[in-house]
Amino acid sequence: MKTKYWLLAALAALLVVGYLVYACRDNSVSVVVSDKIDATPTQITAMKEIGEWEFLVVHDEELVDTVRKGVFTDDSLIRIYYGTLRLGFDTHDAPADWLTVHGDTAIVRLPAIRLLSDEFIDEARTQSFFETGRWSDADRKALAERAALQMKQRCLTKANIQSAGRNAVSHFQQMMKALGYHTVNVTVEESR
């Protein structure tokens, strides 16, 4: 009888070992190294905190004149203004979900390209080309405002805004690929 129990115990042990071998046949141990770097919320916040991003700089000079009619003579004022217009965007204008990530894909929605500062005339380089008569500071200020308007009309063209937009897309694609994203979709809002 003892032999019968030993045979049943051995058969049961054999069945348990067989089941364990069958159940564990697909288990394996492996080490996987990922070279993907995830953009952390801190990095995304840091990019947005930069604020203004400049993607195109346009240098311009304008010759602006005015004439004041007098009884005996006319007064003339001709000045040359130099300006540096910087085109880009401010990330504080971006929507809350301006950067979203899905696996190895980054989707970036950038705000519209615009003039970053209205203070682009270099007053130190402004030159009086020709001046006769007496002119007030208000007259000179009005002339500077005309020069600024002319610079904006000449430099804030659709072609320049599109060029700055292309530069922004290229820059952000390179930056996101450097962070490890294989597919990067960057769009820039249309300027108003």
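Predicted model, so just to flag it, every value in this text is computed and none were measured.

Thresholds applied
- Position labels on residues start from 1 in each chain and follow its written sequence.
- Local features in this predicted model are restricted to residues of pLDDT 70 or higher, and side-chain atom pairs are both shown and tallied only at a pLDDT of 80 or more, whereas totals for entire chains, interfaces and linings draw on every residue.
- Calculated side-chain values reflect all of the structure's heavy atoms, with hydrogen atoms and water omitted.
- We count a stretch as a helix when DSSP gives it H or I for four or more residues in a row; a strand needs E for two or more, and each element gets its number in order from the N terminus.
- Exposed residues in this analysis have more than 50% of their type's maximum accessible area, buried residues have under 20%, and partly exposed residues fall in between, with area computed by a 1.4 Å probe over protein chains only.
- Should any heavy atoms of two residues lie within 4.5 Å, those residues are considered in contact.
- Classification of ring pairs uses Phe, Tyr and Trp, with its six-membered ring standing for Trp, and accepts pairs whose centres are within 6.5 Å; under 30 degrees between planes counts as stacked, over 60 as edge-to-face, and the remaining range as tilted.
- The criterion is that NZ of a Lys, or CZ of an Arg, lies within 6 Å of the ring centre and within 35 degrees of the ring normal, and then a charge sits over that ring.

Caption draft 1: Fine view of the environment of Leu110. Relative to the helices and strands, Leu110 is located in strand β4 (residues 105-110). When its relative accessible area of 1% is taken as the criterion, Leu110 is described as buried. Residues in contact with Leu110, not counting those within four places in the same chain, are Phe89, Trp98, Ala168, Phe172, Val186, Thr187, Val188 and Glu189.

Caption draft 2: Region of interest: the packing of aromatic side chains. All chains considered together, the criterion is met by 5 aromatic pairs. Considering the side-chain rings of Trp53 and Phe55, the 6.4 Å spacing of their centres and the 10 degrees angle between planes classify their relative orientation as stacked. With respect to burial, Trp53 and Phe55 carry one shared label: buried. Ring geometry for Phe89 versus Phe172: centroids 6.1 Å apart, planes at 40 degrees, classification tilted. A residue pair is termed long-range when its members are at least 10 positions apart, and Phe89 in strand β2 (residues 75-90) and Phe172 in helix α4 (residues 158-178) qualify at 83 residues. By relative accessible area, which is 0% here, Phe89 ends up buried. Taken together through their ring pairs, the aromatic side chains of Trp53, Phe55, Phe89, Trp98 and Phe172 make up a single cluster. When the ring centre of Trp135 is taken as origin, the NZ or CZ atom of Arg68, which lies over that ring, is 4.1 Å away.

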